[in-house]
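Below are the chains, spelled out letter by letter.
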Amino acid sequence: MAADVSMENGIFLSPAPRAVDKPAATPNVLEVVFGSLLIKPWYPSFYPEELVGRKVERLYVCQWCFKYTKELTGFIKHLRACLLRSTEPPGNHVYTSNGYSLYEIDGEKNKLYAQNLCLFAKLFLDTKSVFYDVTTFLYYLLIAHNPTPSIPNTQLDDDAPVGQNQVVGFFSKEKMSWDNNNLACILVFPPWQKQGLGQILMGASYEMSKREGRLGGPEKPLSDLGHLAYVHYWSQTLARTLLSCPSKKTLTVHDLGQKTFIVPDDILATLQAMDVLEHKKRGGAEAVINKAKVRAWVEKHKVDLRSPVDSEAFALRDRSRSESAE
């Protein structure tokens, strides 16, 4: 999800993707210290001017609770006393597998935490607007139990460890979406990009759709990079589903939707992008999928057909039952 990265004086540099015909917005935070990492923001955020000023050279953000300050002394004192330093994040644990966990945060019940998370995320998001009203959203935090930045030697102090149980990304979701969107905003923080973590977040959003029994997808329009990431996820998911079915079994787009919970429009667009459709009528269909082309596509792109998430590792509560009980 990131552009190419480079190192310069120990700062984690990951150039922000920019549209050719769109001027870049100037960040109002020039550097952000996140735990022991020094990161170069891409875009301006909505940090209150009365606390950080109109532009700040360096902002300090807690890696556990996302509280912020422009004062180093106050930052150090907070890190030593942060209540989340040695505990789990707020909210409900919903998933753990292969060194990663997901926690569900209710924006209404954990308002300050969600607001601070959104303010930090906006430093690396251009197309999504983050507001202080977070009460209508759920946030799913991706926790790395043994976090390793994508680029080595990016810490302010090489002897300072990156904290255990580090939040490395998240996605948000509207509690009530009239369009059945299963994801509103997604971000893997720059130090942990290019590790396949975005695929875990996408896979989790679709697993939740499956458990809710509703076909869904991300809020649209997608950014250019967001579209590429989703086509990657959709392609792998469809290839895995198609190749796991018996050779003589007939699958319609509706069948693929019921198996993957990807909406039909995204299925068709992805199959066309994979170039695995043959436009010939068979059994009333206008086009058929060439399974040999699917195998060739997998081999050409060296695709790992394993799911990015373990469906058996979810511990999601039945939301409809819990809400009715309340």
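All of these numbers come straight from a predicted model, not from anything done at the bench.

Q: So what's going on with the packing of aromatic side chains? Residues and values would help.
A: Each aromatic ring pair is described using two quantities: the centre-to-centre distance and the angle formed by the ring planes. The full count for this structure, using the stated rule, is 20 aromatic pairs. Look at W42 and F124: their rings are 5.8 Å apart centre to centre, the planes differ by 90°, and that puts the pair in the edge-to-face class. Residue W42 is found in the loop between β4 (37–39) and α1 (49–52), and its partner F124 is found in the loop between α3 (111–122) and β9 (137–144); the two are separated by 82 residues along the sequence. For the pair shown, W42 and F124 are each scored as buried. Each residue in the set F34, W42, Y43, F66, Y113, F120, F124, F137, Y139, F170, F189 and W192 is aromatic and connected to the rest through ring pairs, giving one cluster.

Q: Before we move on, can you summarise unusual backbone geometry with the specific residues and values?
A: Cis peptide bonds are those with omega within 30 degrees of zero, and the linkage from K220 to P221 qualifies with 5°. Counting through the fold element by element, P221 comes out in the loop between β13 (217–218) and α5 (224–243). Non-glycine residue D275 carries a positive phi angle of around 60°. Mapped onto the elements of the fold, D275 is located in the loop between α7 (264–274) and β14 (277–278). Residue D275 is classed as exposed on the basis of its relative accessible area of 53%. The backbone of K302 sits at a positive phi, close to 50°, despite the residue not being glycine. In this fold, K302 is placed in the loop between α8 (291–300) and α9 (319–325).

Q: Help me get a handle on the side chain of T237, residues and values and all.
A: With respect to the helices, strands and loops of the structure, T237 is situated in helix α5. Contacts of T237, omitting those with residues within four sequence positions, involve T260 and I262.

Q: Kindly report on the pairing of strand β3 (residues 29–34), identifying the contributing residues and their values.
A: When you tally the buried positions in β3, you get five out of six residues, the bulk of the element. The pairing of β3 with strand β5 (residues 56–61) spans five bridges and is parallel. Each bridged residue has a counterpart across the sheet, and for V32 the counterpart in β5 is L59. The pairing of β3 with β4 spans three bridges and is antiparallel. If you follow V33 over to β4, its bridge partner there is L38.

Q: How would you summarise the environment of K111 if you had to cite specific residues and measurements?
A: Secondary-structure assignment places K111 in helix α3. Taking relative accessible area as the criterion, K111 reaches 39% and is therefore assigned partly exposed. Sequence-wise, K111 and V134 are 23 residues apart; in three dimensions their C-alpha atoms are separated by 6.6 Å. Those residues within four positions of K111 in sequence are excluded, and the remaining contacts are Y132, V134 and T135.

Conventions we followed
- Residues numbered from 1 in each chain as written.
- Predicted model: local features only at pLDDT ≥ 70, side-chain atom pairs only at ≥ 80, totals over all residues.
- Heavy atoms only, no water.
- Phe/Tyr/Trp six-rings, centres within 6.5 Å; stacked < 30°, edge-to-face > 60°.
- Helix = DSSP H or I, 4+ residues; strand = E, 2+ residues; numbered from the N terminus.
- Buried < 20%, exposed > 50% of the residue type's maximum accessible area, 1.4 Å probe, protein only.
- Contact = heavy atoms within 4.5 Å.
- Pairing = 2+ DSSP bridges.

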